[in-house]
Amino acid sequence: MRKNSTAPSVAVSMHRRAAFRTGFSVCLVLCAWLALGACDPSRVYEENQEIPDYLWYEDSLAVFEFEIPDASQPYNLYYNVRNSLNYPYYNLYVTYYLEDSTGKEIASRLQEMVLMDPRTGEPYGSGLGDIFDHQILALPGFTFPYAGPYTLKIKQYMRENPLPEVMSVGLRIEKGDASASPENQRTSE
């Protein structure tokens, strides 16, 4: 009796086609996601900085230099934070220092970011495995005194030094809503 030698090759061929279709689908979804992210009309600036060895020292400032095109427009400034589930706290205190082009400090404040539910420990943000990304509104409806270059420095202000398991910190600036609450707006002096 003679064996059918085409059966294994047909199965391999069908498996290759299915793998190609799956890979092609993943590629299409990734390309569409990247294209949508590039077409964000509200974004003015966004940058993330990696924290070496996931140890954020209190004297290591994350420094962001950006340009504000229109001083009459309010802006929303967000912190981008990436941490692992091994981060030992539910929150993160940071101090920001906002400087104009001459280096003059125009705003500074200690702020708390809540990264996990304090009671359950469930992480907020979006996660994949044990890594979580957070985008937290830091300055809503902020009005800059004038158009031009600015620098924002972010310093961790926790009791542990170095602060472990913070993978990156970033800044996102987007056009704000002109009807933002007045107590959150800064006016030029």
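Residues numbered from 1 in each chain as written. Predicted model: local features only at pLDDT ≥ 70, side-chain atom pairs only at ≥ 80, totals over all residues. Heavy atoms only, no water.

**Q** Hey, could you run me through empty space enclosed by the protein in this one?
**A** Remark: the empty space left among the atoms is shown by a probe the size of a water molecule rolled over them. Counting across every chain of the model gives one cavity of 30 Å³ or more. Its boundaries defined by the atoms lining it, the largest cavity holds a volume of some 30 Å³. Residue lining of the largest cavity: Leu 77, Tyr 78, Tyr 79, Tyr 96, Gln 111, Ala 138, Leu 139, Leu 152 and Leu 171, and that is the complete set. Of all the secondary structure elements, the ones that give two or more residues to the lining of the largest cavity are β4 (75-84) and β8 (131-142). Ranked by residues supplied to the lining of the largest cavity, first place goes to β4 with three residues. (1 Å grid on protein atoms, 1.4 Å probe; cavity = no way out; pocket = protein on both sides within 12 Å on 5 of 7 lines; lining within 4 Å. Points joined across faces, edges and corners; volume = space filled by probe spheres on them. Helix = DSSP H or I, 4+ residues; strand = E, 2+ residues; numbered from the N terminus.)

**Q** For this particular structure, what's the right way to read the side chain of Ser 168?
**A** By the element assignment, Ser 168 lies in strand β11 (residues 166-175). A relative accessible area of 6% places Ser 168 in the buried class. Those residues in contact with Ser 168, other than ones at most four positions away along the chain, are Gln 49, Glu 50, Ile 51, Asn 80, Val 81 and Arg 82. (Buried < 20%, exposed > 50% of the residue type's maximum accessible area, 1.4 Å probe, protein only. Contact = heavy atoms within 4.5 Å.)

**Q** Help me understand the packing of aromatic side chains, please; the structure alone is not making it clear to me.
**A** Aromatic rings in a pair are described by how distant their centres are and how their planes are angled relative to each other. What the rule picks out here adds up to eight aromatic pairs. Grouping aromatic residues by their ring pairs yields a cluster made of Tyr 45, Phe 66, Tyr 75, Phe 142, Phe 144, Tyr 146 and Tyr 150. (Phe/Tyr/Trp six-rings, centres within 6.5 Å; stacked < 30°, edge-to-face > 60°.)

**Q** Got a minute to help me understand the sheet that holds strand β5 (residues 91-99) in this structure?
**A** Within a beta sheet, neighbouring strands are joined by backbone hydrogen bonds and run either parallel or antiparallel to one another. Taken in spatial order, the four strands make up an open sheet running β3-β9-β5-β6, and their pairing is antiparallel. Each having just a single partner strand, β3 (62-68) and β6 (105-114) make up the two edges of the open sheet. The average angle at which neighbouring strand axes cross in this sheet is 20°, direction not considered. Pairing of β5 with β6, which is carried by nine bridges, proceeds in the antiparallel orientation. Note that in β6 the partner of Leu 98 across the bridge is Ala 107. (Pairing = 2+ DSSP bridges. Axes fitted to C-alpha atoms, helices over the stretch in contact; angles between N-to-C directions.)

**Q** Would you mind showing me how to read the nonpolar core here?
**A** The nonpolar side chains of a soluble globular protein tend to be buried with one another. By size, the foremost hydrophobic cluster in this structure holds 35 residues, and its most contacted members are Trp 56, Phe 66, Leu 92, Leu 98, Phe 144 and Ile 154. With sequence-adjacent residues up to four places away left out, Phe 144 is seen in contact with Phe 66, Ile 68, Ala 71, Tyr 75, Leu 77, Leu 98 and Tyr 150. (Core = buried A, V, L, I, M, F, W, Y, C linked by side-chain atoms within 4.5 Å.)

**Q** For this particular structure, what's the right way to read the confidence of the model for the protein chain?
**A** Reading fine detail from the predicted coordinates is not recommended where pLDDT is low. Of the residues in the protein chain, 73% reach a pLDDT of 70 or more, and the chain-wide mean stands at 84. Predicted confidence is poor over residues 25-37, with pLDDT under 50, and the contacts of this stretch with residues over four places away or in other chains come to one contact. Confidence drops under a pLDDT of 50 for residues 180-189, and excluding neighbours within four residues, the segment shows 14 contacts in the predicted structure. (pLDDT = per-residue confidence, 0-100.)

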